[in-house]
Amino acid sequence: MNAIPFNKPCILDDSLKYVSEVFQKGKLCGNGDFTKKCQTFFETGYGFKKCLMTSSCTDALEMAAILCNIRPGDEVIVPSYTFVSTALAFVRQGAKIVFADSETMTPNIDTSKIESLISPNTKAIVPVHYAGVACDMEQIMRIADKYGLWVVEDAAQAVDSFYNGRPLGSIGHLSAFSFHETKNITSGEGGLLVVNDDRLLTRAEIIWEKGTNRSQFFRGEVNKYGWVDTGSSFLPSELNAALLYSQLIHLKMIQDRRIALWNHYFRQLDDPALNEHIVLPYIPEYATNNAHMFYFTCRKADARTALLSYLKDHGVHATFHYLSLHNSDFAKNHGLGGQYLPQADFYTDNLVRLPLYFTLSEDEQTYVTSVVKEFFRR
Ligand SMILES: *Cc1c(COP(=O)(O)O)cnc(C)c1O
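No experiment lies behind these values; they were computed from the predicted model shown.

### Remarks on the pairing of strand E8 (residues 174-178)
Burial analysis of E8 places five of its five residues in the buried class, which makes it a mostly covered element. Residues of E8 alternate between two faces, with Leu174, Ala176 and Ser178 on one and Ser175 and Phe177 on the opposite face, all of them buried. As paired elements, strand E5 (residues 150-154) and E8 share three bridges and run parallel to each other. Looking across to E8, one finds that Asp154 is bridged to Ala176. Pairing analysis gives five bridges linking E8 to strand E9 (residues 191-195), with the strands arranged antiparallel. Residue Ser175 lies in a different strand from E9, and its bridge partner there is Val194.

Below, the structure written as structure tokens:
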């Protein structure tokens, strides 16, 4: 068996055809035909009110922080067990991050703890749908309504996933998706900002287009365009949009394949002897599984470390995941750290992710799970 990498980006046979169409048209910059096609795909397919493609999910989160008018002194509630960008995008606007713990059953934010973290300075909650599995959005929206807070879904991993039948990304006031090469569908680097709240629609376009009202000008709504607000160059090039579009039109095939692979892992590892050592992922009743990631937790942290090196020695590149942000150097140096968040720490020390990508084969998976089983049998 050849070495099995952790990830291979999804590249389809006909992707080049779409990218070369951009060359033929000779218009490479952003907000062209493919950008619009991608945006329309998400707006009509998932009922997102307005979609703006960005060059990363980090960009989309930064736009969200600007749109929520986050200012120095404002507080934003973020799970500790997440990627740096979830917090950093708000820190750049001057926010103080208030870290929340994860649930016991999933790495998602523990909604029962959110209310105790709210102060008069709280402005927003940023739930992260870990592994594409929904947070308890009904609870989060109820709390946000009660205290008048913005909800920004970090849906980086959550393409084509649902909460009680509602698409993730359609529930918060704003949402951010990622098309980084490690995600289910990819444009190399890429992202998407979803604007669901009417109050933010006009300003979102302006911030997207470097603080100008260029989009309104091209629709004929104003007769000249200029500098009207803050913003940046958040648009991706048409080359990236074309690459993404080539996968969007095959999204169902990509998702079906990933879900089959995920289920295959689950069946192979769902074995009583193994379950003394590891806990398989749990999908709440309100959530779907978009097979973004196959993870499990080891009951003991030292077993996790030993398992990862055993897998590596046998040519399998499995990996751990986030290091809780409340224990990061940044948090400690900025007076944000030091809380006791036992679940976030548990996932930091005990979680394992197995290789999962579109072109992974069942034989490779059987090899991966046989090495996991062999490790715990010794
Ligand atoms: C991947 C990811 C991001 C960052 O996405 P980029 O497109 O690389 O900026 C942010 N949050 C979460 C939860 C992610 O998984």
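### Re the site of the ligand
Around the ligand lies a shell of 14 residues, among which Thr58, Asp154, Gln157, Ser178 and Lys183 are the nearest. Within the side chain of Asp154, one N or O atom sits 2.9 Å away from a nitrogen atom of the ligand. Within the side chain of Lys183, an N or O atom sits 3.1 Å from an oxygen atom of the ligand. Surface burial for the ligand is 92%, taken as the share of its 390 Å² of free accessible area covered by protein chains.

### Description of the domain arrangement of the protein chain
Domains assigned within the protein chain are domain 1 (15-248) and domain 2 (251-377). Of note, the centres of domain 1 and domain 2, computed from C-alpha atoms alone, are 26 Å apart. Between domain 1 and domain 2, the contact holds 41 residues from the first and 33 residues from the second. Summed over both sides, the interface of domain 1 with domain 2 buries roughly 3,300 Å², with 61% coming from carbon and sulfur.

### A few points about the environment of Cys57
Along the polypeptide, Cys57 turns up in helix H3 (residues 57-67). Between the C-alpha atoms of Cys57 and Gln157, which are 100 residues apart in sequence, the distance is 9.9 Å. Those residues in contact with Cys57, other than ones at most four positions away along the chain, are Asp154, Ala156, Ala176, Phe177, Ser178, Gly190 and Gly191.

Rules of the game
- Residues numbered from 1 in each chain as written.
- Predicted model: local features only at pLDDT ≥ 70, side-chain atom pairs only at ≥ 80, totals over all residues.
- Heavy atoms only, no water.
- Buried < 20%, exposed > 50% of the residue type's maximum accessible area, 1.4 Å probe, protein only.
- Helix = DSSP H or I, 4+ residues; strand = E, 2+ residues; numbered from the N terminus.
- Pairing = 2+ DSSP bridges.
- Near = heavy atom within 4 Å.
- Polar contact = N/O pair within 3.5 Å; in protein donor to acceptor, adjacent residues only side chain to side chain.
- Areas by Shrake-Rupley, 256 points an atom, 1.4 Å probe, with all protein chains shown as cover.
- Domains from an automatic or database assignment.
- Contact = heavy atoms within 4.5 Å.
- Buried area = accessible area lost by both parts, 1.4 Å probe.

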